[in-house]
Amino acid sequence: MSLMAAGPLLPRKLPVVHDPWSRTPTDGVYPLPLRATLAGQSVPHMSQPPPPKVPAPTSSVEGAKRLAAWTAVDRHIHREHKVIGIGSGSTVPYVVERIVAQGNEVNKDRVFIPTGFQSKELIVKSGLLLGDVDQYPVIDVTIDGADEVDHDLNCIKGGGGCHLREKVLAEAADTFVLVADYRKNSDVLGKNFKQGIPIEVVPFAYTKILQNLHLIGSPTAELRMAKAKAGPVVSDNGNFLIDAPFPEELMKDPYTLLTRIKMLTGVVEVGLFCQMAKAAYFGNQDGSVTIKWHDGRIEKVDKPASPVAKPTVE
Ligand SMILES: O=C(CO)[C@H](O)[C@H](O)COP(=O)(O)O
């Protein structure tokens, strides 16, 4: 059957094609930023998907992480804090979850500084305003995870390879707080976290640095290799990572060890944070939280975070 025999073709309504290159700022089809910009320009607000839900903890370790994170946020992130550093690791999503629970009213005037790719994603997906430390070199509070913390609040960080940015944000913060589960609460660094001190190094120097680390007391120091890619792990800054276990007698004086490692040419940053934190929060299996303070006090909180987050004024 010919087309003509089937009757005249009805004029089809063509969909409006939006050619992105033909748009002008005034025709209303430009994709607009979701939030006011850092420069303070006001932009129309578009509705945003709700922040992704952090899955409820399914183990006592996850529950402990959440307890530590929520308690630390409740105690340290107050209404007047406007610039907040967000660390890395598996405890940090609970930190962001609790900050989001403080509500849009307080969060709309805040800017959040990430320590790496993971925390940047968390900030953006939670609908919080992203900034960077070069715009905000002074941070009100930074909250971060840790691999192990001793009684003087020295800690090992960098299990997730983010310790360079983490240290910058810790130093930039008026208040730096650690959050972790009970397994990270230790008396001597290296007792629980056996994989060694994470060290970020410039790639071309790694062999030389490994040799030097072997000489200064870490004969098993090795390059961190990727699990789902052939070759080494590459940090968010394009560098390599070395994990260097040291014997206990050297780990007992982390500051001396930090300075010795840092002096090796080609080392970018060492995952030893010596007495930088104001407090470390450890969630326990029994639902309590242990807080180690920078002045040596140890506090036990039996009924820590309430289910409702309320930002307080310090
Ligand atoms: O330092 C870090 C990443 O560089 C993390 O904070 C540290 O590894 C702890 O992570 P988690 O909470 O997953 O145990």
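Residues numbered from 1 in each chain as written. Predicted model: local features only at pLDDT ≥ 70, side-chain atom pairs only at ≥ 80, totals over all residues. Heavy atoms only, no water.

The chain appears in an unreviewed UniProt entry as Ribose-5-phosphate isomerase from Lentinus brumalis. The annotation that UniProt attaches to the chain under Pathway (unreviewed entry) is "Carbohydrate degradation; pentose phosphate pathway; D-ribose 5-phosphate from D-ribulose 5-phosphate (non-oxidative stage): step 1/1." Under the UniProt heading Catalytic activity (unreviewed entry), the entry covering the chain gives this text: "aldehydo-D-ribose 5-phosphate = D-ribulose 5-phosphate". (UniProt positions renumbered as here; feature names shortened; annotations may be inferred.)

A. Expanded view of the pairing of strand β6 (residues 173-181). In terms of residue burial, β6 counts as a mostly covered element, since 8 of its 9 residues are buried. Here 5 bridges tie β6 to strand β12 (residues 279-283), and the two strands are oriented parallel to one another. Residue pairing for β12: Ala 180 is matched across the bridge by Phe 282. (Buried < 20%, exposed > 50% of the residue type's maximum accessible area, 1.4 Å probe, protein only. Helix = DSSP H or I, 4+ residues; strand = E, 2+ residues; numbered from the N terminus. Pairing = 2+ DSSP bridges.)

B. Fine view of the site of the ligand. Taken together, 17 residues sit near the ligand, with Ser 88, Ser 90, Asp 147, Gly 158 and Lys 184 positioned nearest. Within the backbone of Cys 162, a nitrogen or oxygen atom sits 3.0 Å from an oxygen atom of the ligand. For the ligand, an oxygen atom lies 3.0 Å from a polar atom in the side chain of Glu 166. A per-class count over the shell around the ligand returns 2 nonpolar, 10 polar and 5 charged. (Near = heavy atom within 4 Å. Polar contact = N/O pair within 3.5 Å; in protein donor to acceptor, adjacent residues only side chain to side chain. Nonpolar A, V, L, I, M, F, W, Y, C, P; charged D, E, K, R; others polar.)

C. Quick peek at the environment of Val 188. Mapping Val 188 onto the fold places it in the loop between β6 and β7 (197-201). The spatial distance from the C-alpha of Val 188 to the C-alpha of Cys 155 is 9.4 Å, given a sequence separation of 33 residues. Sequence-distant contacts of Val 188, defined by excluding residues within four places in its chain, comprise Glu 148, Asp 150, Glu 248, Met 251 and Lys 252. (Contact = heavy atoms within 4.5 Å.)

D. Geometry of the domain arrangement of the chain. Examined at the domain level, the chain breaks down into domain 1 (60-187 + 274-301) and domain 2 (197-271). Listed per partner, the contact involves 17 residues of domain 1 and 16 residues of domain 2. For the pair domain 1 and domain 2, the summed buried area comes to about 1,200 Å², and 58% of that belongs to carbon and sulfur atoms. Taken together, the connections running from domain 1 to domain 2 amount to 1 salt bridge. With a shortest N-O distance of 3.0 Å, Glu 269 and Lys 167 are connected by a salt bridge. The interface formed by domain 1 and domain 2 contains 9 residue pairs in polar contact (both at pLDDT 80 or more). Elements that contribute at least two residues to the side of domain 1 that touches domain 2 include exactly β5 (155-156) and α5 (163-172). Counting residues per element, the side of domain 1 that touches domain 2 draws most heavily on α5, at 4 residues. Considered class by class, the residues forming the side of domain 1 that touches domain 2 number 6 nonpolar, 7 polar and 4 charged. (Domains from an automatic or database assignment. Buried area = accessible area lost by both parts, 1.4 Å probe. Salt bridge = Lys/Arg side-chain N within 4 Å of Asp/Glu carboxyl O.)

E. Fine view of the packing of helix α1 (residues 60-76) against helix α2 (residues 92-101). At a closest axis distance of 8 Å, the pairing of α1 and α2 adopts a crossing angle of 45°. In this view, α1 runs oblique relative to α2, as classed from their interaxial angle. As for the relative orientation of α1 and α2, their crossing is right-handed in sense. Side by side, α1 and α2 meet where Glu 62, Lys 65, Arg 66, Ala 69, Trp 70, Val 73 and Asp 74 of the first sit next to Tyr 94, Val 95, Glu 97, Arg 98 and Ile 99 of the second. Tallied by class, residues from the contact of α1 with α2 come to 6 nonpolar, no polar and 6 charged. (Axes fitted to C-alpha atoms, helices over the stretch in contact; angles between N-to-C directions. Parallel < 35°, antiparallel > 145°, perpendicular 65-115°, else oblique. Left-handed = near helix turned anticlockwise from the far one by under 90°.)

F. Spotlight on unusual backbone geometry. One non-glycine residue, Leu 153, adopts positive backbone phi at about 60°. For Leu 153, the position within the fold is in the loop between β4 (148-149) and β5. Overall, the relative accessible area of 1% leaves Leu 153 in the buried class. The backbone of Gln 275 sits at a positive phi, close to 50°, despite the residue not being glycine. As for its position among the elements, Gln 275 is in the loop between β11 (272-273) and β12. Judged by relative accessible area, which is 55%, Gln 275 ranks as exposed.

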